[in-house]
Structure formats: structure tokens, C-alpha cells
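# A closer look at the structure
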Amino acid sequence: MTAGHAAQGAGTARPLLNRRLAGFGTTIFAEMSALAQRTGAINLGQGFPDTDGPESVREAAVRALRDGRGNQYPPGPGIPELRTAVAEHQRRFYGLEFDPDTEVLVTAGATEALAAALLALVEPGDEVIALEPYYDSYAACIALAGGTRVPVTLRPSGDTFRLDLDELRDAVTDRTRLILLNTPHNPTGTVLGRDELAAVAELCVERGLLAVTDEVYEHMVFEGEHLPLVSFPGMRERTVTISSAGKTFSFTGWKVGWVTGTPELVTAVRSAKQYLTYVSAGPFQYAVAEALALPDAHYRELNTGLRARRDLLADGLRSAGFGVFRTAGTYFLTADIRTLPGQDGKEGRGAADGVAFCLALPERCGVVAVPTQVFYDHEAAGAPYVRFAFCKREDVLREAAERLRAGR
Ligand SMILES: *Cc1c(COP(=O)(O)O)cnc(C)c1O
């Protein structure tokens, strides 16, 4: 009997793992993290900040814990203070109106919001369009919902990755239920512009599609601006918008996220959410309510601090010989390894293989990165790219760049 099979009497071993999750059993991230630990490498693989968010917000969580606020089950939709703060945030930054009582739902991070939205809105047989490369939980949640994912590939164009609107239009069929849109986009750093979003909106309206938008990097835009898809004509009644306090305030361990949308959409998402976690993060909800009200200076400083670190790592990667794509938003830089010696496929050498490259990198250079290929269905399209996170301290980024330069 192998580890993946349960004994069920003679000759009838069946895989332990539900077939919807087959292929999602282990991820490269587990392997990379183990490698990082074993080799003591600098981990630029996973996208979490190595410094915590504002002290005042941390203190707000401590106060809530001590005062006994949120230590027992908070209300199912989230505490009123946080729902009000979310509605106020949508008004302040985007001029959007949401009713905190019926149009806001607090979730266990954006991850649960995505899972609940997909489980609530997708029927077996429905097709879900997602931009490829995609965040790893999308594929698993679409599969859990019984849906079929239809990737639309962001194509390299100059030093950025672009959405091909014709390709997107061609991907829509009579079975398409929704478009799962992530902007600013992890891992490519692409921020969709007004014209692109207008075209996506038109397509949704024309074909009667829902949209689920993953906007966890809404405050990490370095070029252009973040525009919520829901603000485009015809989208208010068909868009589920998802955000994350973990990303916006650098407390990724708190797992506080939220959904905004019409009462009908929010009720649907809540129907699934209530049987996943029911509620979560009681005291942290109070702290995030305070965080959302932080002055503009907080949001500005988060942005300028990250932009400086993006530039620092991009320069470091370039001087280590990588091709570096321009990142307009998020925590991530995508690098092309084909400009490195031994990766260009010339003179009998193998073609660039980001997976092999990233598996060897911790031993060779003492740095961990993630092969972008794992975010693709069309794996060949992602083979030459690797993703580095720059949401780390400047000295850490400098040291990583130095190691990459020395060890290439
Ligand atoms: C980090 C991330 C999430 C998950 O957010 P949490 O609030 O930590 O659950 C979702 N989508 C994308 C694109 C992310 O990068």
C-alpha cells in the first residue's frame, strides 16, 4: 500500500484524496520552504513581509484581546465596526457606496473569500476564466466547486505581461459562468488599465457573466492606478470584490479579508462561507477596523517603501544577469532566466527550466525563488520565469542580490 491509498479490503484500494483535489496534494512551496530551512537560504519565495505592520494596529489587537472584544464568536457577517470601516474605505478610495449591513462580508483572509465565492457561484460543468499565471488557490477552488478552469495567458510584451483582449473574448463560451480577475496581478506585477478593464466589463455585460475580482494588492500600485472592476458600467450588480487586510496592513498571519457586492451576491458567498469557518479572527477584526481608518500617509508610505524595495531588487537581479520584467504593482518581480549563462538553450545546453533552476538555487546561491511555471496550465509558457518577492527588509534584499551575483 502506498501512502496515497487506503486499505479497503482485498483489491479495492482507492486514492485517499478526493478526486477533485487530485494533483493538488503537495505544492512546490512545501518543497522550497524545506529547502530554504535546510540550506539557510534567504526566502524570497513566499510573499509575506518580514516586518510587521503599524504598531498602533498591533496595539489595537492587544487591546481588543484584553478587553474581551472578539474572544467569542463574532457575528457571522463580521463585526459591524469592521463592515462600516470597509464601506468607508470603498467610498474614500474609489467613491463606491456599499451598505455595511447587507453588502459587506468579513472572511478568513482573501483565501476564504475566493473559496466561498467560487463554491457559491460555480456549478459542476461551469467554466471559470482566470488569468494565467494564476494564484495557486484558484485552480484548487475551481476544482472543488466542480468547475472547469479556462486559463487566459498573460503574454510577455517588451518588459511587461499583457492581457490579450481577443484571447479573453475567444475564451468565453456558453458554459462560462464567471471571470476571476486579479489586478494588480500576482505573479506578473501587471496592473490592468482603464481600457482593458472597460473591455472586460463590456464582455461580462454582453455575455451575462459574473466577475470575481481579487484586489488584495489594491494599495501596492507603483505605476498607474488601481481601478476596481465593479466601478465600470454594468458591473455593480455582477461583481464580487475581494480584499485582504493581511496584504494591505502587513499582517498576513491574521487572515482578515472581506467581500463587497450586492446583497444577493454577498448572501450567496456567505452561504458557503458560514460552513467553511463560520467566523474567524475576532479580536483582529477590531484592529483591522482601526487600521482601515489610518490616514492617507500610511497608505502612501506603504507604497513608497515597497516601490523602493522593488527598485532595489530589480537592480540587483539585473546586475546578477537576469532579465527583469517591470512590476507595476504587488510584492513580486518576475525574472527571465534565459539571459543567464547555461540557461539560454544555445550551444547544446538545455532550454531554460525555472523549476530545475529554483530547486538548485538555494544550494548554489543561498536564495529561494518560485518557478512561475507552477502557476500555469500551459507550463511551457512559464518555463523561463521565476518569481522573487521584494516585501522584505532592504538589507535582506541587498544580501540576496549579492549572493545571486556571486553565485551565478
Ligand atoms: C496573498 C494572496 C491572497 C490571499 O490573501 P489572504 O488574505 O492572505 O488570504 C489572495 N490572492 C492573491 C493574488 C494573493 O497574492
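Residues numbered from 1 in each chain as written. Predicted model: local features only at pLDDT ≥ 70, side-chain atom pairs only at ≥ 80, totals over all residues. Heavy atoms only, no water.

## Considerations on the overall build of the chain
Across its full length, the chain carries 14 helices and 17 strands. Here the C-alpha radius of gyration of the chain, 22 Å, is about what a compact globule of 408 residues would show, namely 22 Å. Projected onto its principal axes, the C-alpha coordinates of the chain cover approximately 65 × 55 × 50 Å. Expressed as a percentage of contacts within the chain between residues at least 6 apart in sequence, the contacts between residues at least 24 apart total 73%. Carbon and sulfur atoms make up 50% of the accessible area of the chain, which amounts to about 17,200 Å² in all. Across the chain, the centroid of the 42 positively charged side chains sits 4 Å from that of the 51 negatively charged ones. (Helix = DSSP H or I, 4+ residues; strand = E, 2+ residues; numbered from the N terminus. Rg over C-alpha atoms; globule rule 2.2 N^0.38 Å. Contact = heavy atoms within 4.5 Å. Areas by Shrake-Rupley, 256 points an atom, 1.4 Å probe, with all protein chains shown as cover. Lys, Arg positive; Asp, Glu negative; His and termini not counted. Charge placed at Lys NZ, Arg CZ, Asp CG, Glu CD.)

## Quick look at the domain arrangement of the chain
How big an interface is tends to be stated in terms of the accessible area lost upon association of its parts. What the domain assignment reports for the chain is domain 1 (28-52 + 297-407) and domain 2 (55-293). Distance between the C-alpha centres of domain 1 and domain 2: 26 Å. Facing 32 residues of domain 1, the contacting portion of domain 2 comprises 38 residues. Summed over both sides, the interface between domain 1 and domain 2 buries roughly 3,100 Å², with carbon and sulfur atoms accounting for 56% of that surface. (Domains from an automatic or database assignment. Buried area = accessible area lost by both parts, 1.4 Å probe.)

## Looking at the pattern of salt bridges
Should their charged atoms come close, side chains of opposite charge can pair. This model, assessed by the stated rule, comprises 28 salt bridges. Across the pair arginine 194 and glutamate 225 runs a salt bridge, and its minimum N-O distance is 3.5 Å. On the criterion of sequence distance, the pair formed by arginine 194 in helix 7 (residues 194-207) and glutamate 225 in the loop between strand 10 (210-214) and strand 11 (239-244) is long-range, its members being 31 residues apart. Of the residues examined, arginine 194 reaches a relative accessible area of 48% and is grouped as partly exposed. A relative accessible area of 47% means that glutamate 225 is categorised as partly exposed. When salt bridges that share partners are traced, they join Asp159, Glu223, Arg310, Asp311 and Arg326 into one network. (Salt bridge = Lys/Arg side-chain N within 4 Å of Asp/Glu carboxyl O. Buried < 20%, exposed > 50% of the residue type's maximum accessible area, 1.4 Å probe, protein only.)

## With respect to the packing of helix 11 (residues 296-319) against helix 14 (residues 394-407)
For the pair helix 11 and helix 14, interaxial distance at closest approach is 8 Å and the crossing angle is 10°. When the axis of helix 11 is compared with that of helix 14, the two are roughly parallel. Together, Ala308, Arg309, Leu312, Leu313, Gly316, Leu317 and Ser319 of helix 11 and Glu394, Leu397, Arg398, Ala401, Leu404 and Arg405 of helix 14 make up the contact between the two elements. Tallied by class, residues from the contact of helix 11 with helix 14 come to seven nonpolar, two polar and four charged. (Axes fitted to C-alpha atoms, helices over the stretch in contact; angles between N-to-C directions. Parallel < 35°, antiparallel > 145°, perpendicular 65-115°, else oblique. Nonpolar A, V, L, I, M, F, W, Y, C, P; charged D, E, K, R; others polar.)

## Considering the sheet that holds strand 14 (residues 332-336)
If you trace the four strands from one edge of the open sheet to the other, you get 13-14-17-16, paired in antiparallel fashion. At either end of the open sheet lies a strand with only one pairing partner, and these are strand 13 (323-324) and strand 16 (370-371). One ladder, built from two bridges, connects strand 16 with strand 17 (residues 385-389); its direction is antiparallel. From the neighbouring strand, valine 370 faces strand 17, where its bridge partner is arginine 387. The sheet contacts of helix 11 involve strand 13, strand 14 and strand 17, and relative to strand 14 the element is tilted by about 15°. (Pairing = 2+ DSSP bridges.)

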